[in-house]
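Survey of secondary and tertiary structure
Listed below are the residues making up each chain.
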Amino acid sequence: MPTIQCDPAAARERLTAAGVTVGEGNTDHERWRAEHDGAVAVAYDGKVVVQGRRPERLTGLLREAPARAHVYFDGAARGNPGPAAVGWVVVGGDGIVTEGSERIGETTNNRAEYEALIRALEAAADAGVEQVDVRGDSELIVRQVRGEYDTNDPGLRERRVRVRELLEGFEEWSIEHVPREINERADRLATEALDDA
C-alpha cells in the first residue's frame with residue numbers, strides 16, 4: 001500500500017487536472033478520496049495513501065513527475081501462446097516514479113511485450129513525464145517500433161500503432177534494446193506476476 005508524502009491540496013489538483021473525480025473523505029480524518037483504474041487514494045494531513053488492485057496508475061498521477069524518465073518494460077508468456085504477464089518501471093532522477101505488473105491472460109510473448117510497453121508508456125504519461133527514454137530487452141519490439149522491421153502480424157501491428165500514438169504524446173522520446181540484465185526489474189515484476197497466479 002503506497003504512501004505518498006505530499007501536500008494533499010496539490011495532489012488533489014493533479015488528480016483533477018488528469019480527469020480523476022475527487023470526492024469528500026469518509027471520516028473526519030480524511031481530507032478527500034479518489035478512485036481511478038482499480039485503486040483508491042485517501043488523503044490525510046501531509047500524505048496520500050493508495051490501495052487497491054492497480055495502485056501504480058494513481059501513484060504516478062500523485063507524485064511530482066520528473067521532466068525526463070527512463071521507461072523499462074517486459075512481457076512474459078509461458079508457452080507461445082500461454083499464460084502471460086507484464087512488468088514496467090518508470091525511473092526519474094530521484095528514483096522510481098512508478099512501477100507495476102499484472103497478468104494479462106493467454107497470449108504470445110511478443111504480444112505480452114507490446115502490452116508491457118503500452119502500460120509503461122501510459123504510466124509515464126499519467127505521471128506527467130514529458131520526455132521518455134524507453135528500454136526493453138525485446139529486440140523485435142524495439143526494431144518494429146522504430147520502423148526498422150515490418151510488423152506482419154495484425155495484432156502486433158495494432159499494438160505498434162498504439163505505442164506510436166503514446167510516444168507521440170511526449171515532447172521527446174527514444175527507444176533502445178538493452179540486455180536482460182539492464183531490464184532486470186521489469187523482467188522480475190513480469191515473472192512475479194506470472195508466478196502469483
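It should be noted that the structure appears before, not after, this text.
The rules behind the values
Residues numbered from 1 in each chain as written. Predicted model: local features only at pLDDT ≥ 70, side-chain atom pairs only at ≥ 80, totals over all residues. Heavy atoms only, no water. Buried < 20%, exposed > 50% of the residue type's maximum accessible area, 1.4 Å probe, protein only. Helix = DSSP H or I, 4+ residues; strand = E, 2+ residues; numbered from the N terminus. Pairing = 2+ DSSP bridges. Core = buried A, V, L, I, M, F, W, Y, C linked by side-chain atoms within 4.5 Å. Contact = heavy atoms within 4.5 Å. Polar contact = N/O pair within 3.5 Å; in protein donor to acceptor, adjacent residues only side chain to side chain. Axes fitted to C-alpha atoms, helices over the stretch in contact; angles between N-to-C directions. Parallel < 35°, antiparallel > 145°, perpendicular 65-115°, else oblique. Nonpolar A, V, L, I, M, F, W, Y, C, P; charged D, E, K, R; others polar.

**As for the pairing of strand E7 (residues 82–92)**
- Of all eleven residues in E7, nine are buried, a share of seventy percent or more.
- One ladder, built from eight bridges, connects strand E6 (residues 68–77) with E7; its direction is antiparallel. Bridge pairing in E7 places Gly-75 opposite Val-86.
- Counting the residues between successive antiparallel strands, the hairpin from E6 to E7 contains four residues, one of them, Gly-79, with a positive phi of roughly 100°.
- Bridge count for E7 against strand E8 (residues 95–107) is eleven bridges, and the pairing is antiparallel.

**Re the nonpolar core**
- Counting residues in each nonpolar core, the largest one holds 28 residues, and the members touching the most others are Val-90, Leu-117, Leu-121, Val-132, Val-134, Val-145 and Val-163.
- Listing elements by their share of this core, those giving two or more residues are E6, E7, helix H3 (109–127), strand E9 (131–136), helix H4 (139–146) and helix H5 (154–168).
- Ranked by residues supplied to this core, first place goes to H3 with nine residues.
- Beyond its immediate chain neighbours, meaning those up to four positions away, Val-132 contacts Ala-69, Val-71, Leu-121, Ala-124, Leu-167, Phe-170, Glu-172, Trp-173 and Ser-174.
- Listed in part, the 16 residues of the second largest apolar core include Ala-11, Ala-39, Ala-41 and Val-48.

**Re the environment of Arg-103**
- Looking at the secondary structure, you find Arg-103 in strand E8.
- Residue classification places Arg-103 among the partly exposed positions, given a relative accessible area of 36%.
- Taking the C-alpha atoms as reference, Arg-103 lies 20 Å from Thr-59; in sequence the two are 44 residues apart.
- Within the local environment of Arg-103, its side chain forms a polar contact with the backbone oxygen of Leu-194, the two atoms lying 3.3 Å apart.

**Re the environment of Arg-12**
- In this structure, Arg-12 sits in helix H1 (residues 8–17).
- Residue Arg-12 is classed as partly exposed on the basis of its relative accessible area of 27%.
- Considered as a pair, Arg-12 and Arg-33 are 21 residues apart in the sequence and their alpha carbons are 9.0 Å apart.
- Once you skip the residues sitting within four places of it in the chain, Arg-12 turns out to touch Val-22, Gly-23, Glu-24, Arg-31 and Trp-32.

**Details of the sheet that holds E6**
- Spatial strand order, E8-E7-E6-E9-E10: five strands in an open sheet with mixed pairing. Here the strands that pair on one side only, and so sit at the sheet edges, are E8 and strand E10 (172–177). Neighbour-to-neighbour, the strand axes of this sheet turn through a mean angle of 15°, independent of strand direction.
- Sheet strands in contact with helix H2 (residues 55–62) are E7 and E8, and its direction is about 155° off that of E8.

**A closer look at the sheet that holds strand E4 (residues 39–44)**
- Strand order in the open sheet formed by five strands is E1-E5-E4-E3-E2, and the pairing between neighbours is antiparallel. In the strand order of this sheet, the two ends are held by strand E1 (3–5) and strand E2 (22–24), each with one partner. Each neighbouring strand pair of the sheet contributes to a mean axis angle of 25°, computed without reference to strand direction.
- In terms of strand pairing, E1 meets strand E5 (residues 47–52) through three bridges, oriented antiparallel. Residue Ile-4 lies in a different strand from E5, and its bridge partner there is Val-48.

**Description of the packing of H1 against H2**
- In contact at an axis separation of 8 Å, H1 and H2 are set at 115° when each is read in the N-to-C sense. By the angle between their axes, H1 is roughly perpendicular relative to H2. Contact residues: Ala-11, Arg-14 and Leu-15 in H1; Leu-58, Leu-61 and Leu-62 in H2.
- When the residues that make up the contact of H1 with H2 are grouped by side-chain class, the tally is five nonpolar, no polar and one charged.

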